[in-house]
Amino acid sequence: MKRHAGPVDAVAVTPDGRFVISAGRDGLVLRLDLRSGETAVLAEGPFHRLAVLPDGRIVAGRSQGGGAEVIDGPRLEGFNWGVCSVAASSKLIAVAGDSSML
């Protein structure tokens, strides 16, 4: 089973309760299947904030270079600093350290 090589900065649970998503300082976003115990690497990069959309897609905020992205989806631009918070509902709101909001 794949594990983070250091501290974990963020965790989120999918709406169906089946998966736990984690972002670690090792640069990995991992998905743990609570039924099987298997772990998969979903993304690599300096992510440190997570949220799960109602449809199960994962949004990750970058700690360096700003921005956020939907894993396997679009990158959300317009931030000068790292994202300090990511929230998910039917609309995504991400707030950056420079007071930008998307």
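Each chain has its residues counted from 1, following the order in which its sequence is written. Whole-chain, interface and lining totals are the exception, using all residues; otherwise, since this is a predicted model, local features are given only for residues with pLDDT of at least 70 and side-chain atom pairs are given and counted only at 80 or more. Each side-chain value is derived from all of the structure's non-hydrogen atoms; neither hydrogens nor water enter the calculation.

Caption draft 1: Summary view of the nonpolar core. The criterion is simple. A nonpolar core is a set of buried Ala, Val, Leu, Ile, Met, Phe, Trp, Tyr and Cys residues joined through side-chain atoms within 4.5 Å. Burial classes: relative accessible area under 20% of the type maximum marks a residue as buried, over 50% as exposed, and values in between as partly exposed (1.4 Å probe, protein chains only). Counting 13 residues, the largest nonpolar core has Ile21, Ala23, Val29, Phe47, Leu50 and Ile58 as its most contacted members. Among the elements of the structure, strand E1 (8-13), strand E2 (19-24), strand E5 (47-52) and strand E6 (58-62) are those that each provide at least two residues to this core. Any two residues having at least one pair of non-hydrogen atoms within 4.5 Å are treated as being in contact. Among all residues touching Ile21, those that are not within four sequence positions of it are Ala10, Val11, Ala12, Thr14, Val29, Leu30, Arg31, Leu42, Leu50, Val52 and Ile58. Helix and strand labels come from DSSP, where a helix needs a run of H or I of at least four residues and a strand needs a run of E of at least two; each type is numbered from the N terminus.

Caption draft 2: Summary view of the layout of surface pockets. Every definition here rests on a 1 Å grid over the protein atoms only: cavities are sets of points where a 1.4 Å probe fits but cannot get out, pockets are open sets enclosed by protein on both sides within 12 Å along at least five of seven lines, and lining residues have some atom within 4 Å of a point. Grid points are joined across faces, edges and corners, and a volume is the space filled by probe spheres set on the points. One number sums up the size of the largest pocket: a volume of about 150 Å³. If you trace the largest pocket, you find ten residues lining it, with Arg31, Leu42, Gly56, Arg57 and Ile58 closest to the centre. Classification used: nonpolar for Ala, Val, Leu, Ile, Met, Phe, Trp, Tyr, Cys and Pro, charged for Asp, Glu, Lys and Arg, polar for all others including Gly. Taken together, the residues of the lining of the largest pocket break down into four nonpolar, two polar and four charged.

Caption draft 3: The pattern of salt bridges, seen in detail. Here, a salt bridge means any Lys or Arg side-chain nitrogen found within 4 Å of an Asp or Glu carboxyl oxygen. Within this structure, the stated rule accounts for two salt bridges. Arg25 serves as the salt-bridge partner of Asp9, at 2.9 Å between the closest nitrogen and oxygen. One end of the pair, Asp9, is in strand E1; the other, Arg25, is in the loop between E2 and strand E3 (28-33), and 16 residues separate them in sequence. With relative accessibility at 26%, the residue Asp9 sits in the partly exposed group. Among the ionic pairs, Arg18 bridges to Asp33, the shortest N-O distance being 2.8 Å. Of this pair, Arg18 sits in the loop between E1 and E2 while Asp33 sits in strand E3, and the two are 15 residues apart along the sequence.

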